Amino acid sequence: MDFPIVYAVKHKNFDVRMASRSGGIFTAVTDEVLRKGGIVYGCAMNWAMEAVHIRAQTRKERDRMRGSKYVQSNMADTFQGVLEDLNAGRRVLFSGTSCQVAGLKAFLSKDYGDRLFCLDILCHGVPSPLVLKKYLEWQEEQNKAKCIEVDFRNKKDFGWAVHVESLKFEEPDGEVKTINSKVFANIFCSDKALRGSCYVCPYKDIAHPGDMTIGDFWGVNRAVPDFDDDCGSSLVLINTKNAQKLFDAVKKKLDYHPCRIEDSMQTSLKKPFPRPRKWEQFWDDFYGQPFDYIAKKYGHYSEESSERISDMAKEHLERMEERQKNMEKKGVISKLSDSWKKITEKS
């Protein structure tokens, strides 16, 4: 069997997919591990709005890991926890970036067979947690309220392919309000806030240290025409027999199509993103200027308007309605119809 084996994947449960950043493959495989009494490790946001790795024994605990966090996570004593669980005879699924998976394997320095399943995430690169911290402090100052939740890419309101972050704030009177913005997204996508090591990442290749590699399937329609419905599709690389076994156990929950690796390539599978020419200038500004300056220069805050972001949400709903009409014309029964009625009624 030649690896990697490549699939385009969407979870059949629409609600699961909408709670996921891509197509819901993470939920499918971790559901199976938890069902068999295993432990899941992955990244979640804590009460202080910091990305940290946590341990989960239940779906409710695992659900905190769903969704992308565009920042480096704090591993703390996660590797030690994985080791203790493995030595206690528990089955463990560890999820993280490729470098985190490689770090775990180096720490363990032992083959635990199919009791350890490593799931690595296709990674663009990670900004320093300090950038996110300063951004949220700036947003709190702007809104005179405490940030209590971060959705780094709100696909429910804006679609899978549009990068808008939604922040929830609790005001002094207890009221909760939501602010939509592209400031952090713009900083992230400029590549100027990434760690220096990300520009020389050795894992920007089709070979990965995880048993399974997952991520957004950008350009999925090249591989599987008409698969994209703007609600999220996962790219899945099966790298080991262990991964194929787990995939086979959960595939009844998935809409999936085998793909050629040649039709599935994206930058993160080819090479690291190059270090921008003004990378040093960004960090000089970051440490030497107030964040308002960073937000305007690198986050394009002065160009941002609530009206434009609101229009983006309307455009997403219009695309969905048009897609459903086309499906009806073709005689295809849309799996999205009932769910999207619920979403559009709230909008």
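Residues numbered from 1 in each chain as written. Predicted model: local features only at pLDDT ≥ 70, side-chain atom pairs only at ≥ 80, totals over all residues. Heavy atoms only, no water.

A.B. asks: Explain the overall build of the protein to me, please; I cannot follow it from the model alone.
C.D. replies: Secondary structure assignment for the protein yields 14 helices and 11 strands. The proportion of buried residues among the 347 residues of the protein is 53%. With an accessible surface of roughly 17000 Å², the protein has 49% of that area assigned to carbon and sulfur atoms. (Helix = DSSP H or I, 4+ residues; strand = E, 2+ residues; numbered from the N terminus. Buried < 20%, exposed > 50% of the residue type's maximum accessible area, 1.4 Å probe, protein only. Areas by Shrake-Rupley, 256 points an atom, 1.4 Å probe, with all protein chains shown as cover.)

A.B. asks: Please clarify how helix α5 (residues 98-108) should be interpreted in this entry.
C.D. replies: Along an α-helix, residues three or four positions apart point the same way, because every turn accommodates 3.6 residues. Along α5, the positions that sit buried rather than exposed are Ser98, Gln100, Val101, Ala102, Leu104 and Leu108. On the buried face of α5, the contacting elements are β3 (51-56), α4 (78-87), β4 (92-97) and β5 (116-121). Taken from the residues just after α5, Ser109 is the one with a positive phi, measuring 50°. (Contact = heavy atoms within 4.5 Å.)

A.B. asks: Looking at this structure, how should I read the nonpolar core?
C.D. replies: It is characteristic of soluble globular proteins that their nonpolar side chains tend to be buried jointly. Core analysis: the largest hydrophobic core is formed by 35 residues, its most contacted members being Leu132, Tyr135, Leu136, Ile187, Phe282 and Phe291. At the level of secondary structure, the elements contributing two or more residues to this core comprise β2 (39-45), α6 (129-143), β6 (146-151), β7 (165-170), α8 (183-189), α11 (279-288) and α12 (291-297). The leading source of residues in this core is α6, at 5 residues. In contact with Leu136, other than residues within four places in its own chain, are Met49, Cys147, Val150 and Leu167. Phe26, Met65, Leu93 and Ile214 belong to the second largest nonpolar core, which has 26 residues in total. (Core = buried A, V, L, I, M, F, W, Y, C linked by side-chain atoms within 4.5 Å.)

A.B. asks: Hey, could you run me through the packing of aromatic side chains in this one?
C.D. replies: Here a ring pair, both rings aromatic, is described through the centre-centre distance and the interplanar angle of the planes. Under the definition given, this model contains 21 aromatic pairs. A ring pair is formed by Tyr70 and Phe188, whose centres lie 4.8 Å apart and whose planes are at 70°; its orientation type is edge-to-face. In this pair, Tyr70 sits in the loop between α3 (59-63) and α4 while Phe188 sits in helix α8, placing the two residues 118 residues apart along the sequence. On the basis of an interplanar angle of 20° and a centroid distance of 6.0 Å, the ring pair of Phe282 and Phe286 is categorised as stacked. Separated by 4 residues within a single helix, Phe282 and Phe286 lie in helix α11, roughly one turn from each other. Each member of the pair Phe282 and Phe286 is classed as buried. Members of the aromatic cluster, connected to one another through ring pairs, are Tyr70, Tyr135, Trp138, Phe152, Phe184, Phe188, Phe291 and Tyr301. Between the NZ or CZ atom of Lys10 and the centre of the ring of Phe227, over which it lies, the distance is 4.2 Å. (Phe/Tyr/Trp six-rings, centres within 6.5 Å; stacked < 30°, edge-to-face > 60°. Lys NZ or Arg CZ within 6 Å of the ring centre and 35° of its normal.)

A.B. asks: For this particular structure, what's the right way to read the sheet that holds β5?
C.D. replies: The pairing of strands in a sheet comes from backbone hydrogen bonds and takes either a parallel or an antiparallel form. Pairing in this open sheet of 8 strands is mixed, and the strands run β3-β2-β4-β5-β9-β10-β1-β11 from one edge to the other. A single partner strand is all that each edge strand has here, and the edge strands are β3 and β11 (254-259). Averaged over all adjacent pairs, the angle separating strand axes in this sheet is 25°, with direction ignored. (Pairing = 2+ DSSP bridges. Axes fitted to C-alpha atoms, helices over the stretch in contact; angles between N-to-C directions.)

A.B. asks: So what exactly am I meant to see when it comes to the pattern of salt bridges here?
C.D. replies: Pairing between side chains becomes possible if they bear opposite charge and their charged atoms approach one another. This model, assessed by the stated rule, comprises 21 salt bridges. Between Lys10 and Asp229 there is a salt bridge; the shortest N-O distance is 3.7 Å. One end of the pair, Lys10, is in strand β1 (residues 5-11); the other, Asp229, is in the loop between α9 (220-223) and β10 (234-238), with 219 residues separating them in the sequence. Just as Lys10 is buried, Asp229 falls in that class too. A salt bridge links Glu137 to Lys134; its shortest N-O distance comes to 3.9 Å. Of this pair, Glu137 and Lys134 both sit in helix α6, 3 residues apart, which is roughly one turn of the helix. With a relative accessible area of 33%, Glu137 lands in the partly exposed category. (Salt bridge = Lys/Arg side-chain N within 4 Å of Asp/Glu carboxyl O.)

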